[in-house]
Amino acid sequence: IFKRKLPYATIFGNHDDEGSLPRAGQMSLIETLPYSLSAAGPEDIDGVGNYYVEVLARGSSKHSALTIYLLDTHAYSPDEHNFKGYDWLKKNQIDWFKATAQGLKKEHAGYTHIHMDLAFIHIPLPEYRDDSLPRKGEWREGVTAPGFNSGFRDALVEEGVVMVSCGHDHANEYCALTSNEAKSPAMWMCYAGGAGFGGYGGYGGYHRRVRLFDIDLNEARIRTWKRVEYGDIGKRIDEQIIVEGGRARALDA
């Protein structure tokens, strides 16, 4: 990243503050690193690292072509008696996201092409568990989403986010398409692919891999695929177009 001078944005996973340095301290450090776009975000809402990044249109310093929302999904359930497992996005985070998205809409309307909104989180949403959704890629393990559904998927769809991507599960690597109330494609829910070496994996033909998103800002198109660590590293795994013309595209479109 440093050698190529690539900007990057960071969010926390559930293990990241299990050492001696809390999230706020880590983010204070990350914010000072070269090419980091990461930010702690508002202090009056839950979590550290609730923020957004605007990607400007090529050749323009005025208009955002793409907004990337990043939110902290915390770690473990604060109510293990009723909801075992992992934490969930809190109401004040969702309210912040909705207010921010709505506040930016007027500004984005000035863009001469189609503006798109994306989101990145660590722990998957409960809706990732729905095995009836159209999907591409492998579902190799149980989805370790929160037991409590705080409604963030609905908020994302309501505000027009076309894709959300998560990590957390080590060997799941699919993208699933969720619909709106009219049963038309609304938003893709993807997994990053499991690139890290800090956890389990290696079953079901799994090789460490990373998901890439190729975003065409002129056409408002998003193409995604995965690349594996070894073997046929040049091959694009499960390549698909998930967004076309600024809208989620059906799986077989």
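The structure this text deals with has already been given above.
My aim in this report is to walk through the structure given alongside it, one point at a time. (Residues numbered from 1 in each chain as written. Predicted model: local features only at pLDDT ≥ 70, side-chain atom pairs only at ≥ 80, totals over all residues. Heavy atoms only, no water.)

1. Some words on the sheet that holds strand β8 (residues 209-216)
Part 1: Strand order in this open sheet of 4 strands is β8-β9-β10-β11, and the pairing throughout is antiparallel. The sheet terminates laterally at β8 and β11 (247-248), the two strands that pair on one side only. (Pairing = 2+ DSSP bridges. Helix = DSSP H or I, 4+ residues; strand = E, 2+ residues; numbered from the N terminus.)

2. Some thoughts on the pattern of salt bridges
Part 1: Counted by the stated rule, this structure contains 16 salt bridges.
Part 2: One salt bridge connects Glu173 with Arg140, and the closest N-O pair in it is separated by 2.4 Å. One end of the pair, Glu173, is in the loop between β5 (163-166) and β6 (175-179); the other, Arg140, is in the loop between β4 (135-136) and α3 (152-158), and 33 residues separate them in sequence.
Part 3: Arg140 gets classed as buried once you look at its relative accessible area, which sits at 19%.
Part 4: Its salt-bridge partner being Glu244, residue Arg221 comes within 3.0 Å of it at the nearest N-O pair. One end of the pair, Arg221, is in strand β9 (residues 221-228); the other, Glu244, is in strand β10 (residues 237-244), with 23 residues separating them in the sequence.
Part 5: The class for Arg221 is partly exposed, based on a relative accessible area of 22%.
Part 6: One connected set of salt bridges, linked through shared partners, spans Arg140, Glu173, Arg209, Lys226 and Asp238. (Salt bridge = Lys/Arg side-chain N within 4 Å of Asp/Glu carboxyl O. Buried < 20%, exposed > 50% of the residue type's maximum accessible area, 1.4 Å probe, protein only.)

3. Side note on the state of the cysteines
Part 1: Taken as a whole and judged by the stated rule, the model has 1 disulfide.
Part 2: The partner cysteine of Cys175 in its disulfide is Cys190, sulfur to sulfur 2.0 Å. The S-S bond linking Cys175 to Cys190 shows a torsion near 110°; that makes this disulfide right-handed. A residue pair is termed long-range when its members are at least 10 positions apart, and Cys175 in strand β6 and Cys190 in strand β7 (residues 185-191) qualify at 15 residues. (Disulfide = S-S within 2.5 Å.)

4. So, empty space enclosed by the protein
Take a probe with the size of a water molecule and roll it over the atoms, and the empty space left behind shows itself.
Part 1: In total, this model carries 1 cavity of 30 Å³ or more according to the counting rule given.
Part 2: Estimates place the volume of the largest cavity at around 90 Å³.
Part 3: For the lining of the largest cavity, the residue count by class is 9 nonpolar, 4 polar and 3 charged. (1 Å grid on protein atoms, 1.4 Å probe; cavity = no way out; pocket = protein on both sides within 12 Å on 5 of 7 lines; lining within 4 Å. Points joined across faces, edges and corners; volume = space filled by probe spheres on them. Nonpolar A, V, L, I, M, F, W, Y, C, P; charged D, E, K, R; others polar.)

5. So, the packing of aromatic side chains
Part 1: With the rule as written, the count across this model stands at 12 aromatic pairs.
Part 2: With centroids separated by 5.5 Å and ring planes inclined at 75°, the aromatic side chains of Phe97 and Phe152 adopt a geometry described as edge-to-face. Within this pair, whereas Phe97 is found in helix α2 (residues 91-108), its partner Phe152 is found in helix α3, the two being separated by 55 residues in sequence. By the burial criterion, Phe97 is buried, and Phe152 matches it.
Part 3: Ring geometry for Trp139 versus Tyr174: centroids 5.0 Å apart, planes at 20°, classification stacked. On the criterion of sequence distance, the pair formed by Trp139 in the loop between β4 and α3 and Tyr174 in the loop between β5 and β6 is long-range, its members being 35 residues apart.
Part 4: Using a relative accessible area of 25% as the deciding quantity, one classes Trp139 as partly exposed.
Part 5: Taken together, the aromatic side chains of Tyr52, Tyr69, Phe97 and Phe152 make up a single cluster linked through ring pairs. (Phe/Tyr/Trp six-rings, centres within 6.5 Å; stacked < 30°, edge-to-face > 60°.)

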